[in-house]
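Listed below, chain by chain, are the residues.
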2 protein chains.
Amino acid sequence: MYYIGVDLGGTSIKVGLITDKGDIINKVSGPTEVEKGAEGIINSITYLVKKVIEEVNIPIELIKAVGVGIPGVSNNHGLVYFASNLFWKNIPLGELLEEKLKLRVFIDNDATVAAVAEFFKGVTRGTNNSIFLTIGTGLGGGLIINKKVYSGSHGIGTEMGHIVIGENFYDCSCGKNGCWETYVSATAMIKYCGKLLKEGNESILNSLINGDTSSLNAKLIFDCAAKGDEVASLAVDRMKKYLAIGLGNLINIFDPEIIAIGGGVSGAGSFLLRNLKDEVGKYIYVKGMNVTEIALAKLGNDAGIIGSGMYAKMKLEE
Amino acid sequence: MYYIGVDLGGTSIKVGLITDKGDIINKVSGPTEVEKGAEGIINSITYLVKKVIEEVNIPIELIKAVGVGIPGVSNNHGLVYFASNLFWKNIPLGELLEEKLKLRVFIDNDATVAAVAEFFKGVTRGTNNSIFLTIGTGLGGGLIINKKVYSGSHGIGTEMGHIVIGENFYDCSCGKNGCWETYVSATAMIKYCGKLLKEGNESILNSLINGDTSSLNAKLIFDCAAKGDEVASLAVDRMKKYLAIGLGNLINIFDPEIIAIGGGVSGAGSFLLRNLKDEVGKYIYVKGMNVTEIALAKLGNDAGIIGSGMYAKMKLEE
């Protein structure tokens, strides 16, 4: 039997035909074309799903279900509450796709399906309880509990980025203050670095961005910190301090075997992980039990299609 | 079949013989006598377990397992890392009790077994995902996920009281700063009220405690706030603000059907719950989805024995 995984992003739609072990048989993709609206995007998904099946001549009867990872929040019934990049609000994506495809459709957040991908084919494989975090412009999370994906009673859980952990100098895009993502995302690092530069601190960053703080990016900040730049180092240290606080919070709640970190910021790799576990240890309630592994996520571009396909499998088996 | 529930507290040991539906057939109790040390306490538990069975003439073969709720932290194998009130460190309670009783023994935190009690006989009954919080001198938590008790991969999870949510004016007893319990526990309210009084604020509390801030307690603060006292109201408002922030955090992570609040502070009842759900709504990521019920826990004194007995049942069936 096979599953279809749909990775719906703000710029592209990737669709994969997946075995029940999470191996990709075929994949196709196309542009999202946000300006076409929900109906246009749903037609594109339908077209790509049919194409990915037809190209390899697999009978539709062998497809058990379709999973869709969305850049937003949906409920258990496939209703997308919002997906900012797509300008969607209250789109019954599950229902509409089921009508068109005549297949069961399961929908969840892109971070949640990436957690599923890591569980089947990546770094959290074989564990019972794991957390996946994707750190980029924001911070998203996915949870595997007792080897099953967990999204909450109504499908709106695992919004790890919006745990309040303090009072911050700027508000989160969600309207609250102190959300974890406002301390550890790429956006957070850029804002904090920008603040230090505007306060007149000397930095090699100044010449690299020609004084234009809108040109800052997380990679540049990590690179300059690695070279010993003080402003960049302050920004990286602050990010890692609050990353450790949030990881400590999650460990004190979940006590998972492993936390996997993916997303753009995870590109800083070993520089990000250096001393991180010791720093996390400061925030763990049960002293001497700093036992949760912290690792970089393993899967790259295919995480979305593998994860959404395997998500559909998990939900069908519930 | 029957289960034994042991509620091991700092002052008393309560033991119940429980049906597989969570009904109490018989219960006995005795003093903890902390000064006797682990061996003495384990002998007392053994004596009480035998007594609770013998008094009702139930053959030992009908007892499936023993659950123990402890005032501390243990791992999946019944090793108690610490239990401050008992002055215990690294006591292999599960192993020692199994030897003496010749029965399977399962051990967890008192808040976790109380969560199980509420799930079988209390306010979270019938739900899939629920959180139980006990707010007293500290803040403890228990989790039910997909109708199963969850304590983490190593048994050290659900330490909700030690989620860092800000920077506070005093450190937590665990050594960290900013733990949720340092904002919302009875201790937190007393410390904050004491601080305001020491800063010279007028309050009816001053005369009630004869200027001795060590006589403050949470009930007095709630009562004075209900009468309109400004200092007491500030302390209650602060507590409720941070209670809402923490509840919002838990909802953004777990999206449970219900959160039940027990413990001494829950004695403030409707005064505690008043406007709380609206306040929590401010911190929920998915706007308009303020759908988690917040309720007072239903079970009183018997929560410990029912919960630990039913905990043993749940673990045996895993």
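About the criteria used
Residues numbered from 1 in each chain as written. Chains lettered and ligands numbered in written order. Predicted model: local features only at pLDDT ≥ 70, side-chain atom pairs only at ≥ 80, totals over all residues. Heavy atoms only, no water. UniProt positions renumbered as here; feature names shortened; annotations may be inferred. Phe/Tyr/Trp six-rings, centres within 6.5 Å; stacked < 30°, edge-to-face > 60°. Helix = DSSP H or I, 4+ residues; strand = E, 2+ residues; numbered from the N terminus. Buried < 20%, exposed > 50% of the residue type's maximum accessible area, 1.4 Å probe, protein only. Lys NZ or Arg CZ within 6 Å of the ring centre and 35° of its normal. Salt bridge = Lys/Arg side-chain N within 4 Å of Asp/Glu carboxyl O. Least-squares fit on C-alpha atoms with pLDDT ≥ 70 in both. Polar contact = N/O pair within 3.5 Å; in protein donor to acceptor, adjacent residues only side chain to side chain. Contact = heavy atoms within 4.5 Å.

Under an unreviewed UniProt entry, the name given to chain A is ROK family protein, and the organism recorded is Alkaliphilus pronyensis. As its UniProt record puts it under Sequence similarities (unreviewed entry), chain A is described as follows: "Belongs to the ROK (NagC/XylR) family."

Colleague: Any chance you could break down the packing of aromatic side chains for me, citing the residues and the numbers?
Modeller: Enumeration over the complete set of coordinates arrives at 15 aromatic pairs over all chains. Ring geometry for Phe169(A) against Tyr192(A): centres 6.0 Å apart, planes inclined by 50°, an arrangement best described as tilted. With a gap of 23 residues between them, Phe169(A) in the loop between β11 (148–150) and α4 (181–184) and Tyr192(A) in helix α5 (residues 186–198) connect regions that are remote in the sequence. A residue is classified by how much of its surface remains accessible, and Phe169(A), at 35% relative accessible area, is partly exposed. A ring pair is formed by Phe254(A) and Tyr150(B), whose centres lie 6.5 Å apart and whose planes are at 65°; its orientation type is edge-to-face. On the criterion of chain membership, the pair formed by Phe254(A) in helix α8 (residues 230–254) and Tyr150(B) in strand β11 (residues 148–150) is interchain, its members lying in two chains. Judged by relative accessible area, which is 1%, Phe254(A) ranks as buried. The ring of Phe271(A) is capped by Lys240(A), whose NZ or CZ atom sits 5.8 Å from the centre of that ring.

Colleague: So what's going on with the pattern of salt bridges? Which residues, and what values?
Modeller: Residues and elements named next belong to chain A. Taken as a whole and judged by the stated rule, the model has 18 salt bridges over all chains. Linking Lys195 and Glu199 is a salt bridge whose minimum nitrogen-to-oxygen distance equals 3.2 Å. For Lys195, a relative accessible area of 29% corresponds to the partly exposed category.

Colleague: So what's going on with the relation of the copies chain B and chain A? Which residues, and what values?
Modeller: Mapping chain B onto chain A is achieved by rotating through 180° and translating by 0.0 Å along the same axis, at an RMSD of 0.0 Å. The relationship between the two copies is best expressed as a two-fold rotation axis.

Colleague: Before we move on, can you summarise the environment of Glu202(A) with the specific residues and values?
Modeller: Residues and elements named next belong to chain A. For Glu202, the location among the structural elements is in the loop between α5 and α6 (204–208). When its relative accessible area of 71% is taken as the criterion, Glu202 is described as exposed. In this structure the C-alpha to C-alpha distance between Glu202 and Lys50, which are 152 residues apart in sequence, comes to 56 Å.

Colleague: Quick rundown of the side chain of Thr124(A)? Include the residues and the values.
Modeller: Residue and element names in this part refer to chain A. In this fold, Thr124 is placed in the loop between α3 (110–121) and β9 (130–135). Of the residues examined, Thr124 reaches a relative accessible area of 1% and is grouped as buried. Within the structure, the side chain of Thr124 is placed 3.1 Å from the backbone nitrogen of Phe119, a separation counted as a polar contact. Each residue touching Thr124, except ones within four places of it in the same chain, is listed here: Ala115, Glu118, Phe119, Ser130, Ile258 and Ala260.

Colleague: Account for the side chain of Asn168(B), with residues named and values stated.
Modeller: Along the chain, Asn168(B) turns up in the loop between β11 and α4 (181–184). Discounting chain neighbours no more than four positions away, the residues touching Asn168(B) are Asn177(B), Gly178(B), Thr182(B), Tyr183(B) and Arg238(B).

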